[in-house]
Amino acid sequence: MLDNKNVVLYVSGGIAAYKAADLVRQLIKQGANVKVAMTASAQEFVTPLTFQILSKHHVYTDTFDERQEDKVSHIHLADWTDIAVIAPATANIIAKLANGIADDFATTTLLATTAPVFVVPAMNSHMLENPATARNLTTLRADNRFVMEPETGFLAEGYEGKGRLPEPVTIVESIKQFLVSQQLDLPLKNKHVIITAGGTKERIDPVRYITNDSSGKMGYSLASVARDLGAHVTLISATKQLSNPFGIDVVHISSASEMLETVMKTYNSADIVVMAAAVSDYRPKKQAAKKIKKNEESLIIEFEKTRDILYQLGQEKQKQFLIGFAAETNDLESYAQEKLKRKKANMIVANDVSKPNVGFNKNTNEVTIFMPNSEPIEISLRSKEEVAAEIFKIAIKQMIK
Ligand code: CTP
């Protein structure tokens, strides 16, 4: 998303300026070309040399420091920009931007910038609440500048309040989301995608349950890919081991019946449902209200079948494109074809989990895609993110057929 994008980072003078150094690193990590401009007060907190070393570019501080005879540097930098990021943005630079004031290198270049401007305010909570600052932020939003919400927490002043600069990784995620929202030609724009992930847990008693080896990684990768393709994503997750992906509605559930209930709540509005979860096929017939004591030599637990969610979705299908998974250890093709028909799915993504580096709890996967009236498509061993991207590429092609 940020690969080869020209990012100009404007650092203004607040205590959070030190965090901007890490922001440069995070942006570069995403493949961006980063150049930095600093206000005079920012240089009181961090030196231009820090940013020069991290960005591997000259740091812009002085409007009249013209290094190339044939170029006016602030116009040249403004024209080079794919996205301008102001972080931290103080009340002062926000006021100048809102009112078109250009009295130093940073504000002059910002005035000449036609690329999207992403503002990350960070200041004392009282300065943020000041009616002038609030008015200026409203003006920036009306001017189509993207303003990120500051975080609430422990401020440099020693008390809790709203105004903290979000962590650099969070800023980068938000920038990526912002760029996605700017792209009008994304294939899943205005589509609602429901994705289930992880292994469900079926309670035996208040302290015990049965589950399976699913890590949820495949489902989380699919959710991030769908989001980047422009979809509104609801991720129904049976795991708490993975952090919530940015810009996705995550609903945590535990059992197969909770998963079914949650999927059904939004099924009508869904365009695509991906059942990547490893749903328990059986659950204990009775759930003990109290912890089972080890009084007996052996313990027999009777299991009953859970409802098959994908099958249910197939029965009630209207416009939805249904993608199911099949984790098999043998006879992959015949089982996958059978599931495709019986569950009325549009696609079954099958993997042979007996192979090394495939499926449960791994970071890589190798799958075969089955669709009605079509030859199976093999996707060779690669990261789960790459597999997820291939799955959506094939699904989108199939949907517009
Ligand atoms: N699935 C489901 N509800 C269940 C069981 C499975 O929605 N109670 C979904 C899974 O999320 C997956 C697909 O059905 O997308 C196939 O799951 P899998 O466990 O491979 O197949 P089963 O139908 O459970 O059959 P079997 O265990 O006999 O292979």
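Here is what the cut-offs are and how they apply
- Residues numbered from 1 in each chain as written.
- Predicted model: local features only at pLDDT ≥ 70, side-chain atom pairs only at ≥ 80, totals over all residues.
- Heavy atoms only, no water.
- Near = heavy atom within 4 Å.
- Polar contact = N/O pair within 3.5 Å; in protein donor to acceptor, adjacent residues only side chain to side chain.
- Areas by Shrake-Rupley, 256 points an atom, 1.4 Å probe, with all protein chains shown as cover.
- Helix = DSSP H or I, 4+ residues; strand = E, 2+ residues; numbered from the N terminus.
- Nonpolar A, V, L, I, M, F, W, Y, C, P; charged D, E, K, R; others polar.
- Core = buried A, V, L, I, M, F, W, Y, C linked by side-chain atoms within 4.5 Å.
- Buried < 20%, exposed > 50% of the residue type's maximum accessible area, 1.4 Å probe, protein only.
- Contact = heavy atoms within 4.5 Å.
- Domains from an automatic or database assignment.
- Buried area = accessible area lost by both parts, 1.4 Å probe.
- Salt bridge = Lys/Arg side-chain N within 4 Å of Asp/Glu carboxyl O.
- Pairing = 2+ DSSP bridges.
- Axes fitted to C-alpha atoms, helices over the stretch in contact; angles between N-to-C directions.
- Left-handed = near helix turned anticlockwise from the far one by under 90°.

Attention shifts here to the site of the ligand. Taken together, the neighbourhood of the ligand is formed by 16 residues, with Met275, Ala277, Leu310, Phe325 and Lys343 sitting nearest. Taking alanine 277, its main chain carries an N or O atom lying 2.8 Å from an oxygen atom of the ligand. In this structure, a nitrogen atom belonging to the ligand sits 3.1 Å away from a main-chain N or O atom of arginine 307. Protein burial of the ligand: of its 570 Å² of free accessible surface, 78% is covered by the chains. Listed by contribution, the elements that provide at least two residues to the shell around the ligand are α12 (309-315) and β16 (321-328). With four residues, β16 is the largest single contributor of residues to the shell around the ligand. Grouping the amino acids of the shell around the ligand by side-chain chemistry returns eight nonpolar, three polar and five charged.

Counting residues in hydrophobic clusters, the biggest one holds 34 residues, and the most contacted among them are Ile195, Leu222, Val274, Met347, Ile391 and Phe392. Those elements giving two or more residues to this core turn out to be β8 (192-197), α10 (217-228), β11 (232-237), β13 (272-275), β16, β17 (347-352), β18 (364-370) and α14 (384-399). In terms of residue count, the dominant contributor to this core is α14 (seven residues). Beyond its immediate chain neighbours, meaning those up to four positions away, isoleucine 391 contacts Met218, Leu222, Ile323, Phe325, Met347, Val349 and Ile369.

Next up on the list: the domain arrangement of the protein chain. When cut into domains, the protein chain gives domain 1 (6-182) and domain 2 (192-399). The C-alpha-based centres of domain 1 and domain 2 are spaced at 41 Å. In this complex, domain 1 contributes five residues to the contact, which on the side of domain 2 involves four residues. Between domain 1 and domain 2 the total buried area reaches about 440 Å² when both faces are included, carbon and sulfur atoms providing 68% of it. Together, Glu173, Gln177 and Val180 form the three largest contributors to the area buried by domain 1 at its contact with domain 2, with a combined 79%. Summed over the shared surface of domain 1 and domain 2, the result is zero salt bridges. Counting the contacts that link domain 1 with domain 2 gives one residue pair in polar contact (both at pLDDT 80 or more).

As summarised here, the arrangement of the five strands in space is β2-β1-β3-β4-β5, forming an open sheet in which the pairing is parallel. What marks the edges here is a single partner per strand, and that holds for β2 (33-38) and β5 (146-147). With four bridges connecting them, strand β3 (residues 83-89) and strand β4 (residues 117-121) associate as parallel partners. In the strand pairing of β4, isoleucine 86 is matched with valine 119. Lying on the sheet, helix α6 (residues 105-112) is in contact with β1 (6-11), β2, β3 and β4; it crosses β1 at an angle near 140 degrees.

Another point: the packing of helix α5 (residues 91-99) against α6. Relative to each other, α5 and α6 sit at 35 degrees, their axes nearing to 10 Å. Once α5 is placed against α6, the crossing between them reads as right-handed. Residues Ile93, Lys96 and Leu97 of α5 touch α6, and the partners they reach there are Ala106, Thr107 and Leu110. Taken together, the residues that form the contact of α5 with α6 break down as four nonpolar, one polar and one charged.

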